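Chains, contacts and geometry: an overview
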Amino acid sequence: MHIVCRKARPEDIPLLNPLLAQLSGSLAHPKKMAETMQKINRNPDAILLVAEDTDTGALCGSLFGLSFEDICGTCQPILMIEDVVTDVRHRRLGVGRMMFEWIENWGRERDCHYCILVSGMQRVEAHRFYDAIGYNEVKGFKK
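Note that this is a predicted model, so its numbers are computed, not measured.

Observations concerning the sheet that holds strand 4 (residues 78-86)
Spatial strand order, 1-2-3-4-5: five strands in an open sheet with mixed pairing. For this open sheet the edge positions go to strand 1 (3-7) and strand 5 (114-117), each flanked by a neighbour on one side alone. Sheet twist, expressed as the average angle between the axes of neighbouring strands with direction ignored, equals 25°. Where strand 2 (residues 46-53) meets strand 3 (residues 58-68), eight bridges bridge the pair, whose relative direction is antiparallel. Paired with Glu52 across the strands is Leu59, a residue of strand 3. Against the sheet, helix 2 (residues 30-42) engages strand 1, strand 2 and strand 3, with an angle of about 110° to strand 2. Packing of helix 3 (residues 95-109) onto the sheet brings it into contact with strand 1, strand 2, strand 3, strand 4 and strand 5, and relative to strand 4 it is tilted by some 160°.

Focus on unusual backbone geometry
Across residues other than glycine, the phi torsion is negative in most instances, and most of the peptide bonds are trans. Within the chain, Arg92 stands out as a residue other than glycine whose phi angle is a positive 65°. Mapped onto the fold, Arg92 is located in the loop between strand 4 and helix 3. You will see that Asp111, though not glycine, has its phi angle at about 65°, which is positive. Take Asp111: it is sitting in the loop between helix 3 and strand 5. What makes Asp111 partly exposed here is its relative accessible area of 45%.

Details of the pairing of strand 2
Most of strand 2 sits out of view: eight of its eight residues are buried. Residues Ala46, Leu48, Val50 and Glu52 point to one face of strand 2 and Ile47, Leu49, Ala51 and Asp53 to the other, with burial holding for every one of them. Sheet topology places strand 1 next to strand 2; five bridges connect them, and they run antiparallel. Residue pairing for strand 2: Ile3 is matched across the bridge by Asp53. Counted between consecutive antiparallel strands, the loop separating strand 2 from strand 3 contains four residues, among which Gly57 sits at a positive phi close to 85°.

Focus: the packing of aromatic side chains
Enumeration over the complete set of coordinates arrives at four aromatic pairs. Between the aromatic rings of Phe100 and Phe129, the centroid separation amounts to 5.9 Å while the plane-to-plane angle is 65°, which identifies the pairing as edge-to-face. Remark: Phe129 occurs in helix 4 (residues 124-132) and Phe100 occurs in helix 3; sequence separation between them is 29 residues. Taken together, Phe100, Phe129, Tyr130 and Tyr135 form an aromatic cluster joined through their ring pairs.

Parameters at a glance
Residues numbered from 1 in each chain as written. Predicted model: local features only at pLDDT ≥ 70, side-chain atom pairs only at ≥ 80, totals over all residues. Heavy atoms only, no water. Pairing = 2+ DSSP bridges. Helix = DSSP H or I, 4+ residues; strand = E, 2+ residues; numbered from the N terminus. Axes fitted to C-alpha atoms, helices over the stretch in contact; angles between N-to-C directions. Contact = heavy atoms within 4.5 Å. Buried < 20%, exposed > 50% of the residue type's maximum accessible area, 1.4 Å probe, protein only. Phe/Tyr/Trp six-rings, centres within 6.5 Å; stacked < 30°, edge-to-face > 60°.

See the structure below:
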């Protein structure tokens, strides 16, 4: 297995859609997904990242990163990470850590001074992983 992280491409949609469905519980409409990906790809401060097994062509993981301005303090940008998913068959193999290292470096290149991770509170197993790599819960809202 040889994993590389890279920017998602429109031709990834047939594999990316079921991967993201592991997170959301349903498939997205492929045309709407393509339109959204085009918007993301036009924004230099946003990236839809995929982790690909280049030996098989499988997409092993994905996350969305966004660098946005902070108006206070040093006025340096903030990195937000959202929609994190590692394929169920590729968990505990280092894919998640690799994606977080990649996106954190991407944020540092943009002079981000900290990172916000957005994740549903029901994702208990994922939150154990996030804690292990240094992300801590701040506040969750109960439904």
